[in-house]
Amino acid sequence: MLIKDLLKEFSFDLQIKNYSKRTIGTYKYNIDQLIMFLDKQHEISDIEDVSSLHIKRFVQYQLEIVNKSNYINTKINLLKEDKVVLKNLRIKK
């Protein structure tokens, strides 16, 4: 499954759960940061190609661009937040 399709499905699920537009926008922005990183740095667009190493590199990248650890933890927790993401994010070790 393409990561961008997963983001659309995730956004749809948030709408059904009646999340505010602002909250959905925040979720989409943060996940889109990961999607852009995976695409530009690793040329990954399919969720099955994402490994735990890619996620660790994303965290490292966030630290390098001077994002604070609590901000980065928010991004990581966001990925864990919804069952749609967890179900589809089968990270290879």
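Throughout, a residue's number is its position along its own chain's written sequence, starting from 1. Residue-level local features of this predicted model are given only where pLDDT is at least 70; pairs of side-chain atoms are given and counted only at 80 or more, and the full residue set underlies all totals for whole chains, interfaces and linings. Note that the side-chain values use all heavy atoms of the structure and ignore hydrogens as well as water.

Draft legend 1. Expanded view of the overall build of the protein chain. In terms of regular secondary structure, the protein chain is built from 5 helices and 0 strands. For the protein chain, the N- to C-terminal ordering of α and β elements is α-α-α-α-α. Three labels apply to residues, based on accessible area from a 1.4 Å probe with only protein chains included: buried if under 20% of the type maximum, exposed if over 50%, partly exposed otherwise in between. Relative to its full complement of 93 residues, the protein chain shows a buried share of 35%. Labels follow the DSSP assignment, with helices taken as runs of H or I lasting at least four residues and strands as runs of E lasting at least two, numbered in each case from the N terminus.

Draft legend 2. Representation of the packing of aromatic side chains in the model. Side-chain rings of Phe, Tyr and Trp, where Trp is taken by its six-membered ring, are said to pair if the distance between their centres is within 6.5 Å; with planes under 30 degrees apart they count as stacked, over 60 as edge-to-face, and otherwise as tilted. By the definition in use, this model includes 4 aromatic pairs. Taken together, the aromatic side chains of Phe-10, Tyr-19 and Tyr-27 make up a single cluster linked through ring pairs.

Draft legend 3. Molecular detail of helix 3 (residues 52–64). The length a helix should cover is 1.5 Å for every residue beyond the first. A rise of 1.5 Å per residue sets the reference length of helix 3, with its 13 residues, at 18 Å; its end C-alpha atoms lie 18 Å apart and thus fit the reference within 8%. Those residues of helix 3 lying buried are His-54, Ile-55, Phe-58 and Gln-62. Within helix 3, the buried residues cover an arc of 100° as seen down the axis, which keeps them to one side. Summarising the geometry of helix 3, the exposed residues directed more than 90 degrees from the buried face are Lys-56 and Glu-64. Think of the arc as the fan of directions from the helix axis to the C-beta atoms.

Draft legend 4. Local environment of the nonpolar core. Nonpolar core, defined: a set of buried Ala, Val, Leu, Ile, Met, Phe, Trp, Tyr and Cys residues in which side-chain atoms within 4.5 Å join the residues together. Counting residues in each nonpolar core, the largest one holds 17 residues, and the members touching the most others are Ile-3, Phe-10, Leu-38 and Val-50. Secondary-structure elements contributing two or more residues to this core are helix 1 (3–16), helix 2 (21–42) and helix 3. Among the elements that make up this core, the one with the highest residue count is helix 2 (7 residues). Only heavy atoms matter for contacts: two residues are in contact if any of them lie within 4.5 Å across the pair. Setting aside its immediate chain neighbours within four residues, Ile-3 contacts Ile-35, Leu-38, Ile-44, Ser-45, Asp-46, Ile-47 and Val-50.

Draft legend 5. Representation of unusual backbone geometry within the structure. Even without a glycine there, the phi angle at Asn-18 is positive, about 65°. Within the secondary structure layout, Asn-18 lies in the loop between helix 1 and helix 2. Assessed through its relative accessible area of 66%, Asn-18 is described here as exposed. With a phi angle near 55°, Glu-43 is a residue other than glycine that sits in the positive phi range.

Draft legend 6. Highlighting the packing of helix 1 against helix 2. All axes here are fitted lines through C-alpha atoms, helices being fitted over the stretch that makes contact, and every angle between N-to-C directions spans 0 to 180 degrees. At their nearest, the axes of helix 1 and helix 2 sit 11 Å apart, and the two run at 170° to each other. Looking at the two axes, helix 1 sits roughly antiparallel to helix 2. Only Ile-24, Tyr-27, Lys-28, Ile-31, Asp-32, Ile-35 and Leu-38 of helix 2 make contact with helix 1, whose side of the interface consists of Ile-3, Lys-4, Leu-7, Phe-10, Ser-11, Leu-14 and Gln-15. As a working rule, the residues Ala, Val, Leu, Ile, Met, Phe, Trp, Tyr, Cys and Pro are called nonpolar, Asp, Glu, Lys and Arg charged, and the rest polar, with Gly in that last group. Residues of the contact of helix 1 with helix 2, tallied by class, amount to 9 nonpolar, 2 polar and 3 charged. Each angle gets one of four labels, with under 35 degrees taken as roughly parallel, over 145 as roughly antiparallel, 65 to 115 as roughly perpendicular, and the rest as oblique.

Interpretation in functional terms is not warranted from these geometric data alone.
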